[in-house]
Amino acid sequence: MRKVVGALGLGLLSVVSLPAMATEVGVLDWREALMSSDSAQASMNQLKNRISAQQQQAQSLSQELQQLQQRLQQDGDVMSESERNSVTQQLRQKGGQFQQLRGQISQAQQQAEQQYLQSAKPKLDQAIQRVVDQHDLDMVVDRDAVVYSGDSLDVTNEVTQIFNSLN
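A brief look at the structure comes next. Predicted model, so just to flag it, every value in this text is computed and none were measured.

Thresholds, definitions, all that
- Residue indices begin from 1 for each chain and proceed along its sequence in written order.
- In view of the model being predicted, local features appear only for residues whose pLDDT reaches at least 70, and side-chain atom pairs are presented and counted only at 80 or more, with totals across whole chains, interfaces and linings using the full set of residues.
- Where side-chain values are given, they derive from all heavy atoms of the structure, hydrogens and water being excluded.
- Helix and strand definitions here come from DSSP, where helices need a minimum of 4 consecutive H or I residues and strands a minimum of 2 consecutive E residues; each element is numbered from the N-terminal end.
- When accessible area is computed with a 1.4 Å probe and restricted to protein chains, residues below 20% of their type maximum are described as buried, those above 50% as exposed, and intermediate ones as partly exposed.
- Two residues form a contact once any of their heavy atoms are found within 4.5 Å.
- The term salt bridge refers to a pairing of a side-chain nitrogen on Lys or Arg with a carboxyl oxygen on Asp or Glu at a separation within 4 Å.
- What makes a patch is a set of residues exposed beyond 30% relative accessible area and free of salt bridges, joined within 9 Å when like-charged and within 5 Å when nonpolar (Val, Leu, Ile, Met, Phe, Trp, Tyr).
- Accessible surface area values rest on a Shrake-Rupley calculation with a 1.4 Å probe, where residue burial reflects the displayed protein chains alone.
- Counting rule for charge: Lys and Arg are taken as positive, Asp and Glu as negative, and neither His nor the chain ends is counted.
- The atoms used to mark charge sites are NZ of Lys, CZ of Arg, CG of Asp and CD of Glu.

Digging into the overall build of the chain
Regarding its fold elements, the chain presents 5 helices and 2 strands. Taken from N to C terminus, the helices and strands of the chain fall in the order α-β-α-α-α-β-α. Burial status across the chain gives 24% buried among its 167 residues. Within the chain, counting contacts between residues at least 6 apart in sequence, those at least 24 apart form 83% of the total.

Structure below.
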């Protein structure tokens with residue numbers, strides 16, 4: 001009797017799991033789909049142009065800091081105390097300027113990225129929906145959440161192509 005109940009339970013379990021096996025799944029790296037799109041590249045180029053002066057200033061400050069550190073290391077023993085204090089004060093001042101500038105650049109990049117993501121989200125959703133409809137997908141999963149998937153399941157490039165065509 002136990003064997004009959006066990007066999008029926010196993011048979012019922014296999015029938016219940018059949019629909020789960022028929023599920024069509026696509027894998028998507030939505031960040032890659034967005035960032036490799038034409039509009040993302042244009043947005044990044046605009047950002048680079050907008051902050052290029054700040055980046056050059058930060059690079060110049062970085063070089064000045066390195067020179068001051070080298071001077072302090074090489075000549076610190078022979079410098080007078082006032083000269084050493086002056087170089088140390090310059091290091092602190094320029095270091096603070098450098099950190100502030102880096103913070104401004106980082107903030108500008110984050111704001112530009114956030115604005116782009118907000119403006120692109122509706123188009124991304126539309127592109128994903130088109131791919132879902134074309135492939136009759138029941139589910140689209142973020143590539144980062146998947147342990148393994150075959151290349152045939154990845155719809156990232158298709159989403160990017162459709163996203164580009166929507167612009």
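Examining the environment of T160
One can find T160 in helix 5 (residues 156-166). For the pair T160 and E32, spaced 128 residues apart in the sequence, the C-alpha separation amounts to 8.3 Å. T160 has contacts with E32, A33, S36 and S37, leaving out every residue within four places of it along the chain.

Notes on the pattern of salt bridges
Counted according to the given criterion, the structure contains 8 salt bridges. Between R31 and D144 there is a salt bridge, with the nearest N and O atoms lying 3.3 Å from each other. Taken together, the positions of R31 in helix 2 (residues 30-35) and D144 in the loop between strand 2 (139-142) and helix 5 put the pair 113 residues apart, joining distant regions of the chain. Among the residues examined, R31 registers a relative accessible area of 39% and is labelled partly exposed. E32 is the partner of R143 in a salt bridge, and the nearest nitrogen-oxygen pair spans 3.3 Å. In this pair, R143 is assigned in the loop between strand 2 and helix 5 and E32 in helix 2, connecting sequence segments 111 residues apart. Assessed through its relative accessible area of 34%, E32 is described here as partly exposed. A network of salt bridges, in which partner residues are shared, links D29, E32, R143 and D154.

What to know about a negative patch on the surface
Together, E24, D133, D136 and D138 make up a region of like negative charge exposed at the surface. Within the secondary structure layout, D136 lies in the loop between helix 4 (81-135) and strand 2. For D136, a relative accessible area of 56% puts it in the exposed group.

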